Amino acid sequence: MNVRHDFPIAAPEVLIRHGGVPYVRFLSHAARVAEAERYLEIGTNSGRSLAAVSCSAVAIDPQFRLSFQVADGKDLCLLYRMTSDAYFRRFDPRDALGGPIDLAFLDGMHRFEFLLRDFMHVEKVMRRNGVVFLHDCLPPTADMTARRFVGSNHPEFTGFWTGDVWKTADILRRFRPDLRMTFLDCPPTGLVMITDLDPESTVLTDRYSEIVSEAARIDDEEAALGAFIRSTEIMPSTPLLAEEELQLLIRP
Ligand SMILES: C[S@@+](CC[C@H](N)C(=O)[O-])C[C@H]1O[C@@H](n2cnc3c(N)ncnc32)[C@H](O)[C@@H]1O
């Protein structure tokens with residue numbers, strides 16, 4: 001896809017600093033609070049996030065580089081070495097895990113249309129009151145949001161790359177107002193927690209081409225990202241370490 005966006009930016013402005021609970025710790029906490037029995041992860045890399053959740057799991061990544069004991073504490077830990085699109089063409093994680101997914105973490109390809117498809121595929125296999133987390137949707141600087149793998153120049157965030165998946169959060173907020181989206185200040189690049197899922201919804205599938213072409217036409221990416229961050233209410237994650245506080249969001 002041809003999207004105008006060419007960084008580096010010489011002196012990137014810091015749009016936001018996340019001072020809450022580091023994202024892997026929050027994910028692990030949420031899995032316990034949600035009493036998740038079936039976990040789905042897209043994008044595993046070293047296995048840091050997969051190792052932090054200790055229930056049966058399906059993990060998908062075309063290039064695992066495991067350095068964590070990802071199977072520890074799990075009855076079942078299935079690794080699929082392929083892209084998420086290829087996985088969903090061939091498999092349904094409910095078959096392998098014995099029921100709908102309770103918790104999902106989407107952290108695969110960092111381009112907005114990939115994350116959008118990941119969400120569309122995953123929502124269909126989720127428990128209605130399950131929880132989906134999106135990673136990297138609240139980037140601290142614009143220069144980490146290029147579509148090709150270019151890390152930030154900023155001294156605080158050197159080398160960080162989120163790609164342009166922030167657009168997916170923006171798209172979901174606009175096209176799926178029925179979802180409950182909680183934007184969390186989890187360092188380094190934010191977490192979006194999505195509840196009130198509707199596995200039967202066809203809005204995104206029906207409008208996929210229109211949504212993607214509109215987002216690909218954004219002229220001034222930096223201005224659009226700034227507007228997105230400014231218009232987003234970000235919830236402090238630290239108080240949600242109290243189980244009952246997070247329970248209220250997960251199971252209102
Ligand atoms: C940022 S890393 C994941 C980090 C991990 N979730 C963690 O928190 O430690 C992103 C991973 O996504 C994988 N990836 C890239 N394209 C993908 C795709 N199309 N489908 C699934 N995974 C993909 C990469 O191989 C990489 O290992």
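See the structure printed just above.
What counts and how
Residues numbered from 1 in each chain as written. Predicted model: local features only at pLDDT ≥ 70, side-chain atom pairs only at ≥ 80, totals over all residues. Heavy atoms only, no water. Near = heavy atom within 4 Å. Polar contact = N/O pair within 3.5 Å; in protein donor to acceptor, adjacent residues only side chain to side chain. Areas by Shrake-Rupley, 256 points an atom, 1.4 Å probe, with all protein chains shown as cover. Nonpolar A, V, L, I, M, F, W, Y, C, P; charged D, E, K, R; others polar. Axes fitted to C-alpha atoms, helices over the stretch in contact; angles between N-to-C directions. Helix = DSSP H or I, 4+ residues; strand = E, 2+ residues; numbered from the N terminus. Parallel < 35°, antiparallel > 145°, perpendicular 65-115°, else oblique. Left-handed = near helix turned anticlockwise from the far one by under 90°. Contact = heavy atoms within 4.5 Å. Phe/Tyr/Trp six-rings, centres within 6.5 Å; stacked < 30°, edge-to-face > 60°. Buried < 20%, exposed > 50% of the residue type's maximum accessible area, 1.4 Å probe, protein only.

J.: In this structure, what is going on with the site of the ligand? I would like to understand it.
T.: Among the 19 residues in the neighbourhood of the ligand, the closest are listed as Tyr23, Gly43, Ser49, Asp61 and Asp107. Interatomic distance of 3.5 Å between a side-chain N/O atom of Arg65 and an oxygen atom of the ligand. Protein coverage of the free-state accessible area of the ligand, which is 590 Å², stands at 85%. For the shell around the ligand, a count of residues per class yields six nonpolar, nine polar and four charged.

J.: Any chance you could explain the packing of helix H6 (residues 166-175) against helix H8 (residues 221-230) here in plain terms?
T.: Packed helices, taken two at a time, are described by the angle between their axes plus the distance between the axes. Where H6 meets H8, the axes come as close as 11 Å, and the angle between the chain directions of the two elements is 55°. Classified by the angle their axes make, H6 and H8 are oblique. Pair H6 / H8 crosses with left-handed handedness. Contact residues: Trp166, Lys167, Ala169, Asp170 and Arg173 in H6; Glu221, Ala224, Leu225 and Phe228 in H8. Residues that form the contact of H6 with H8 fall into these classes: five nonpolar, no polar and four charged.

J.: Even after reading the chapter, I still don't get the packing of aromatic side chains, so can you show me in this structure?
T.: The description of an aromatic ring pair rests on the distance of the ring centres and on the angle between the ring planes. Enumeration over the complete set of coordinates arrives at 10 aromatic pairs. Seen from their ring centres, Tyr87 and Phe88 are 5.0 Å apart, and the 90° between their planes marks the pair as edge-to-face. One exposure class covers both Tyr87 and Phe88, and it is buried. Through successive ring pairs, a cluster of aromatic residues spans Tyr80, Tyr87, Phe88 and Phe91.

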